[in-house]
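Per-entry structural report
Residue strings, one per chain:
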Amino acid sequence: MHPAPSVIIFTTLSGLGFGLLVWLGLGLLTPTGWVAFTFFTIAYLLAVGGLMASAFHLGHPERALKAFSQWRTSWLSREAWLSVAALIVMAIYGAGLVFWGAVWTPLGWLGAALCLGAVLTTSMIYTQMRTVPRWRTWLTPALFLALSLGGGALLAGQTTLALILLPVAAILQIAWWVRGDSALARSGTDLATATGLGDIGTPRAFEPPHTGTNYLTREFIHVVGRRHAQKLRAIAFALGYVLPILLLGLPLPHVAAALAVLSHIAGILASRWLFFAEAEHVVGLYYGKRT
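Residues numbered from 1 in each chain as written. Predicted model: local features only at pLDDT ≥ 70, side-chain atom pairs only at ≥ 80, totals over all residues. Heavy atoms only, no water.

What about the nonpolar core?
In a soluble, globular protein the nonpolar side chains are often hidden away together inside. Put simply, the test is: Buried Ala, Val, Leu, Ile, Met, Phe, Trp, Tyr and Cys residues form a nonpolar core when they are joined through side-chain atoms within 4.5 Å. Accessibility here uses a 1.4 Å probe with only protein chains present; expressed as a share of the type maximum, an area under 20% marks a residue as buried, one over 50% as exposed, and anything in between as partly exposed. Strands here are runs of E lasting at least two residues and helices are runs of H or I lasting at least four, both read from the DSSP assignment and numbered beginning at the N terminus. By definition, residues are in contact when any of their heavy atoms lie within 4.5 Å.
Judged by nonpolar contacts, the single largest core of 75 residues is most densely connected at F18, L21, L24, F40, M90, Y126 and W135. Among the elements of the structure, helix 1 (5-25), helix 2 (33-55), helix 3 (75-100), helix 4 (105-127), helix 5 (139-156), helix 6 (159-180), helix 10 (226-247) and helix 11 (253-277) are those that each provide at least two residues to this core. Look past the residues within four positions of Y126 in its chain and what remains in contact with it is F10, T11, W135, F144, F275 and F276.

A word on a nonpolar patch on the surface
What counts is decided by this rule: Within the patch definition used here, like charges are joined within 9 Å and nonpolar side chains (Val, Leu, Ile, Met, Phe, Trp, Tyr) within 5 Å, considering only residues with over 30% relative accessible area and no salt bridge. Here the Shrake-Rupley method, with its probe set to 1.4 Å, supplies the accessible areas, and only the displayed protein chains count as covering residues. Whenever Lys or Arg places a side-chain nitrogen within 4 Å of a carboxyl oxygen from Asp or Glu, that contact is recorded as a salt bridge.
On the surface, V84, I88, I92, F99, W100 and W104 cluster together into a nonpolar patch covering about 660 Å² of accessible area. Within the secondary structure, W104 sits in the loop between helix 3 and helix 4.

Remarks on the pattern of salt bridges
The final tally for this structure, using the stated rule, is four salt bridges. Here R134 makes a salt bridge to E280, at a shortest N to O gap of 3.8 Å. In this pair, R134 sits in the loop between helix 4 and helix 5 while E280 sits in the segment after helix 11, placing the two residues 146 residues apart along the sequence. The class of R134 is buried, set by a relative accessible area of 4%. Taken together, the salt bridges that share partners define one network made up of R134, D181, R233, E278 and E280.

A closer look at the confidence of the model for the protein chain
Inclusion rule: Confidence of the predictor at the level of single residues is given by pLDDT, which spans 0 to 100.
Per-chain confidence: the protein chain averages 90 in pLDDT, with 94% of residues scoring 70 or above. The element-level mean pLDDT for the protein chain is lowest in helix 9 (residues 215-219), coming to 72, with helix 5 highest at 98.

Below, the structure written as structure tokens:
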């Protein structure tokens, strides 16, 4: 699929922001005053900034509020509700820390659960798509959650947790790539099943459906070369996982932690680009772009 910058920024930054809010809500760190204000500002800039970026991918951003009306059937709508609920609850919890030095534990736990729910619903937007076999696996929400919690631990300065969660996320990332490379072939979907003509023979495309581009070819058909993809995977893995883990073991913890965060964000941005660029939407079968 077309790797739109808006959804890449959205899925990367919002996950980090909500991940940091999870650890703040669980009381893993309980800063007060200006320190708490700084932590919550970073978390909200990431979470809200990511959510705002997602609106730019809509055909009509001015209609974004309509997303809230379909919560019974739409994971996008559920994500919208959980995100707003999480941000409101954590704002109240954060106000207690910033202004009164109060730790309202039950409220923090509720906010942490809502933040995890927001990340989960974001991942389910992609996981539930039957038309993209690469995404349709439990590994997708597992990877989103692991990255959110691991990245959040990095931002929270929780070295021990980060050194546990980042390797877990790295293992899930490798498993997701390996499984995804054969997902379309294993799905059993081909030109015969897509057209329903398999009973009378083996169909093949004679000519493209049309000579120009349209919405489908712009949004759902993006082909990235295997060699190019392998290089980007190596870069994403090195920056997103290996380098941050190595940096956390160096002296000068504050400098190393800052570099680890920057490296992690860069790596996850690259992996998110691949997440969309390598997504083999079955509509590409009609245009001879999938085999």
